[in-house]
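Each chain, letter by letter, is given below.
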Amino acid sequence: MKIKKIVALTTVGLLSIAFLAACGNSSKSGSKASDKVTTVTIAQTADSKPYAYKDGDKLTGFDIEVLKAVDKKLPEYKFDYKTVTDEAILTDIDAGRSQIGANNFGKTPEREKKYLFSSPISENVNAIFSSTKNNYKSIKDLIGKKTEIPAGTNYGAIFEAWNKANPDKKINVTYSERSLTDRLAAVESGQIDFLFASKLAAENFAKQHNITVASNIPDLKDYPTFKTYEYFILDNSQEKLQKAVNKELKALYEDGTLAKLSKTYYGGDYAPSADNYK
């Protein structure tokens, strides 16, 4: 009788151990599934100061530091930074090699049909670049003047919207593939009248290439068409990632991180207003 009891107890014990082991394995398996980390490839140029550039061996810039701050809040994702040419960022996203593009991207109607966008990360700090002789300071100074821009940019969308709404105050726009540096040189020589471009980026190029031009930030209170924002651009299949990124961008706005990074890289608080993060 005692032997039967011992055998019975031993059997129960072994079954209990097996059950607990199975539970443990199941728990670990579940934990591993929930801890799965998805790698997100960020396409950026590493030479577009102040957005994404190298400081020694360190990749930094406003866009990059915002992404790093977002990445810290998203344990389910790991951001990997890939360096490509400016022209190749969207091509890389189109081919599925990258999921996010970062390089002072603005919205255009064409882009919105093809890509997803994050919430805005900053209000663009744009300036009018003209010869030191002309020294244009206001949007009204640009009426009837000639500028040159690459096709498919948010600047093109700005001028098209302006000319459509103001047929009697048109700005003459030519599209070309010339680099920003070449266009700044064309402004200096008088070949074109002005550029409306990122203040810091254009000033950096002008300094690097010894181009002398006037740079003035216009008052846009009466010219809302010219007010633009900067975004991250995403593969249109990345809705889940877009939602996660936008949630953290809102948190970074609320805790002052966007304003702090803006002051560091742009020299002022150009964080978007709260109504952009509803």
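As shown above, the structure is provided for reference.
These figures come from a predicted structure and were not determined experimentally. (Residues numbered from 1 in each chain as written. Predicted model: local features only at pLDDT ≥ 70, side-chain atom pairs only at ≥ 80, totals over all residues. Heavy atoms only, no water.)

Peer 1: Any details on the overall build of the protein? Residues and values, ideally.
Peer 2: Scanning the protein from terminus to terminus reveals 9 helices and 14 strands. For the protein, with 278 residues in total, the buried portion stands at 45%. Looking at the protein alone, contacts between residues at least 24 apart form 73% of all its contacts between residues at least 6 apart. As displayed, the protein has an accessible area near 15,300 Å², and 51% of this comes from carbon and sulfur atoms. (Helix = DSSP H or I, 4+ residues; strand = E, 2+ residues; numbered from the N terminus. Buried < 20%, exposed > 50% of the residue type's maximum accessible area, 1.4 Å probe, protein only. Contact = heavy atoms within 4.5 Å. Areas by Shrake-Rupley, 256 points an atom, 1.4 Å probe, with all protein chains shown as cover.)

Peer 1: Run through the packing of helix α2 (residues 62-72) against helix α9 (residues 257-266), naming residues and quoting values.
Peer 2: Interaxial distance between α2 and α9 falls to 10 Å at its minimum, and their mutual angle equals 155 degrees. One way to sum up the angle between α2 and α9 is to call them roughly antiparallel. Here the hand of the crossing between α2 and α9 comes out right-handed. Taking contact as the criterion, the partners of Phe 62, Asp 63, Glu 65 and Val 66 in α2 are, on α9, Leu 258, Leu 261, Ser 262, Tyr 265 and Tyr 266. Residues that form the contact of α2 with α9 fall into these classes: 6 nonpolar, 1 polar and 2 charged. (Axes fitted to C-alpha atoms, helices over the stretch in contact; angles between N-to-C directions. Parallel < 35°, antiparallel > 145°, perpendicular 65-115°, else oblique. Left-handed = near helix turned anticlockwise from the far one by under 90°. Nonpolar A, V, L, I, M, F, W, Y, C, P; charged D, E, K, R; others polar.)

Peer 1: Describe unusual backbone geometry, and please don't skip the residues or the numbers.
Peer 2: A cis amide bond, omega 10 degrees, links Lys 49 with the succeeding residue Pro 50. Locating Pro 50 in the fold gives a position in the loop between β2 (47-48) and β3 (52-55). If you check the backbone angles, Ala 46 has positive phi at about 65 degrees while not being a glycine. Tracing the backbone through its elements, the reader meets Ala 46 in the loop between β1 (38-44) and β2. On the accessibility criterion, Ala 46 (13% relative accessible area) is buried. Positive phi, close to 55 degrees, is recorded for Asn 104, a residue that is not glycine.

Peer 1: Describe a negative patch on the surface, naming the residues involved and giving the relevant values.
Peer 2: A cluster of acidic residues, Asp 47, Asp 86, Glu 87 and Glu 177, forms a negative patch at the surface. With respect to the element layout, Glu 177 can be found in the loop between β11 (172-175) and α6 (180-189). (Patch = residues over 30% accessible without salt bridge, like charges linked within 9 Å, V, L, I, M, F, W, Y side chains within 5 Å. Salt bridge = Lys/Arg side-chain N within 4 Å of Asp/Glu carboxyl O. Lys, Arg positive; Asp, Glu negative; His and termini not counted. Charge placed at Lys NZ, Arg CZ, Asp CG, Glu CD.)

Peer 1: Any chance you could break down the environment of Asp 193 for me, citing the residues and the numbers?
Peer 2: Of note, Asp 193 is situated in the loop between α6 and β12 (194-198). Sequence-wise, Asp 193 and Thr 147 are 46 residues apart; in three dimensions their C-alpha atoms are separated by 6.0 Å. Look past the residues within four positions of Asp 193 in its chain and what remains in contact with it is Phe 129, Ser 130, Ser 131, Tyr 136, Lys 145, Lys 146 and Val 187. From its side chain, Asp 193 meets the backbone nitrogen of Lys 146 in a polar contact 2.7 Å long. (Polar contact = N/O pair within 3.5 Å; in protein donor to acceptor, adjacent residues only side chain to side chain.)

Peer 1: An account of the sheet that holds strand β4 (residues 58-60) is requested, with residue identities and associated values reported.
Peer 2: Read from one edge of the open sheet, 3 strands run β2-β3-β4, paired in antiparallel fashion. Each having just a single partner strand, β2 and β4 make up the two edges of the open sheet. Here 2 bridges tie β2 to β3, and the two strands are oriented antiparallel to one another. Directly across from Asp 47, in β3, lies its bridge partner Tyr 53. Relative to β4, α2 is tilted by about 95 degrees, and along the sheet it contacts β3 and β4. (Pairing = 2+ DSSP bridges.)

Peer 1: Give me the lowdown on helix α8 (residues 239-254), citing residues and values where you can.
Peer 2: When the terminal C-alpha atoms of α8 are compared, their 23 Å separation across 16 residues agrees well with the 22 Å that a helix rising 1.5 Å per residue should span. Taken together, the buried positions of α8 are Leu 241, Gln 242, Ala 244, Val 245, Asn 246, Glu 248, Leu 249 and Leu 252. In the segment just after α8, Gly 256 is the residue with positive phi, at about 90 degrees. (Expected span 1.5 Å × (residues − 1).)

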